[in-house]
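Notes for the structure review
Next come the chains, spelled out residue by residue.
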Amino acid sequence: MITAGIDIGSITAKAAVMNDQGLMDYEVIPTGFNAKQAGEEIFEHILCGLGLNPSVVEGVVATGYGRKSVAFAQKAVTEITCHATGVVYLNPAIRSIIDIGGQDSKVILLDETGKVRDFAMNDKCAAGTGRFIEVMARALHVELDAFGPMSLQADNPSAISSLCTVFAESEVISLISRGESRENIIAGIHESIAARIIAMMGRIGWHPPVMMTGGVARNVGLVQALENRLACQVHVSEYAQVTGAIGAALIARGSRHMEGP
């Protein structure tokens, strides 16, 4: 049985294809301005790479903010459920999930069976999201991939009092004009985001082990800031960015507990 999960995020579109043995392949492309087109493009491209005809795919589940634009999917499922399902596949021991996406951030608490017990979400503004980090990177003239490693070189993280994107950008510009190092500013940004995430986790009552999903999980500086505040390891899978797509593909199979990679 072959199934696919399509995760249409605000910044990137992700696809995962699974068979009875597990994950066959995954792919990530920019979403661009047309979510519908991104879904069609990534589905066609991943199947082409696998040498598969769409007719052999027995189920497709869509997730992400653009999930309803994926007309060829049999079902649309929330990111909460898909990330939880994907995490259980990747590491069934995980009890708390931090998912920072392009336009929102979420924390999810799982019970002992891997089902969602509770969650909290910030989806009212860009504060602490991937978009927020992108704006800060542009203000500092730093490549996004360098953001995490640079923050690890900080000796005194700057105090960033606002997480509103507009006001935080103004704060960053002021810090630059005062001669503050970019490393300290970036570390301060990560500390501010971590504080917001920890507050969300406190509202639902988190438990270790903790895993971070989403593209922002590749930011080693933010992961470290979270680990310091939680006083525990934050697990990051090599499939962090496509966890939601993997979960969607598993749901299309009607299976939550396939053995992971």
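Cut-offs applied
Residues numbered from 1 in each chain as written. Predicted model: local features only at pLDDT ≥ 70, side-chain atom pairs only at ≥ 80, totals over all residues. Heavy atoms only, no water. Helix = DSSP H or I, 4+ residues; strand = E, 2+ residues; numbered from the N terminus. Contact = heavy atoms within 4.5 Å. Buried < 20%, exposed > 50% of the residue type's maximum accessible area, 1.4 Å probe, protein only. Core = buried A, V, L, I, M, F, W, Y, C linked by side-chain atoms within 4.5 Å.

Next up on the list: the side chain of Thr12. Relative to the helices and strands, Thr12 resides in strand S2 (residues 12-19). Beyond its immediate chain neighbours, meaning those up to four positions away, Thr12 contacts Asp7, Val28, Ile29, Pro30, Thr31 and Gln241.

Trans is the common state for peptide bonds, and a negative phi is the common state for residues other than glycine. Residues Pro208 and Pro209 are joined by a peptide bond in cis, for which omega reads -5°. By the element assignment, Pro209 lies in the loop between helix H6 (182-204) and strand S9 (210-213). Not every positive phi belongs to a glycine, and His141 is a case in point at roughly 55°. Relative to the helices and strands, His141 resides in the loop between helix H3 (130-140) and helix H4 (144-151). One non-glycine residue with positive phi stands out, namely Ala231, at about 60°. Along the chain, Ala231 turns up in the loop between helix H7 (220-230) and strand S10 (234-235). Taking the relative accessible area as the measure of exposure, Ala231 reaches 71% and is therefore exposed.

Grouped together as the largest cluster of nonpolar side chains are 39 residues, with contacts concentrated most on Ile98, Phe147, Ile189, Ile197, Met212 and Leu222. At the level of secondary structure, the elements contributing two or more residues to this core comprise strand S6 (96-100), strand S7 (105-110), H3, H4, helix H5 (165-177), H6, S9 and H7. For this core, the element with the most residues is H6, which contributes nine residues. When near neighbours in sequence (up to four residues on either side) are disregarded, Met212 contacts Ile98, Ile100, Ala217, Leu222, Val223, Leu226, Val234, His235, Val236 and Ala240. Judged by nonpolar contacts, the second largest core, of 19 residues, contains Ala13, Ala38, Phe43 and Val57.

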